[in-house]
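Structural overview for review
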Amino acid sequence: MFAQIGEIPPTLDPVLRDKLSRLSFPTLGHYLEEGFADAGMRRIVGAERIIGTAFTVRTTATDSTMLHHAAGLLEPGHVLVVDTGGDLRHAPLGEVVAAQTAIRGAAGAIVDGCVTDTEEIAQIGLTVHARGTSMLTTKLHGIDAGGVNLPVSCGSATVHPGDVVLADANGVLFVPVAVLEALVDVALADDAEEPDLVRELREGARLGDLTGASDTVARLLALTEPQ
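What counts and what doesn't
Residues numbered from 1 in each chain as written. Predicted model: local features only at pLDDT ≥ 70, side-chain atom pairs only at ≥ 80, totals over all residues. Heavy atoms only, no water. Buried < 20%, exposed > 50% of the residue type's maximum accessible area, 1.4 Å probe, protein only. Helix = DSSP H or I, 4+ residues; strand = E, 2+ residues; numbered from the N terminus. Pairing = 2+ DSSP bridges. Disulfide = S-S within 2.5 Å. Patch = residues over 30% accessible without salt bridge, like charges linked within 9 Å, V, L, I, M, F, W, Y side chains within 5 Å. Areas by Shrake-Rupley, 256 points an atom, 1.4 Å probe, with all protein chains shown as cover. Salt bridge = Lys/Arg side-chain N within 4 Å of Asp/Glu carboxyl O.

1. A short note on the pairing of strand β4 (residues 78-83)
In terms of residue burial, β4 counts as a mostly covered element, since six of its six residues are buried. Here β4 shows two buried faces, one formed by H78, L80 and V82 and the other by V79, V81 and D83. Note: strand β3 (residues 50-58) against β4, six bridges, orientation parallel. Directly across from T56, in β4, lies its bridge partner V81.

So, in structure tokens, the structure goes:
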């Protein structure tokens, strides 16, 4: 037996979710280095931001049996995260899987590979991030491989069941809950300061002076001056 089935992760705490709903996701890029999907992952369908909990699935290149099983186990607030094992030809997610995902109340889907039926998925209203689209679909081969709610790779990032998934037009981020709980208030404070920073720039201030970067450059230059 090579297939693995893990426990269904809990959904996001409402207080943390509310804070994340007010956050500009790229602000987290000032503090974190890990968990960001690579630039090949992009929003294929929809216009909504995704905030939810990772419900992970690993498929094989041609077989979506595990995905069909997993789609019926999703709970409201989960984000379906699919690891295709690096396959970029077959689309495991199309209209029917997207419909089940939306009906179960999932917050969105992230597929490290291709998807299909994008026009139909748009009508369903599910937001989907992926690497591209394909008319070649997976089949129900029933291969004894892959699994549900186990650690996966998505967008070159490691994702554990229960990680927080944040996605918008800029990209996708997977973060452990504890990390976000420690960081979200600081990030929200940064967001609150940005309008004043932009106002000062419009009034003629220089960015390097406001952030201290220009002082740092001056110190670096002084180190290279002859003594």
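2. A look at the state of the cysteines
In this structure the tally under the stated criterion is zero disulfides. Looking at C114, it has no disulfide partner, and the nearest cysteine sulfur is the one in C154, 13 Å off. Accessibility expressed as a relative area gives 0% for C154, which makes it buried.

3. Side note on a nonpolar patch on the surface
Together, L201, L207 and L210 make up an exposed nonpolar region whose accessible area comes to about 230 Å². Relative to the assigned elements, L207 resides in helix α6 (residues 207-211).

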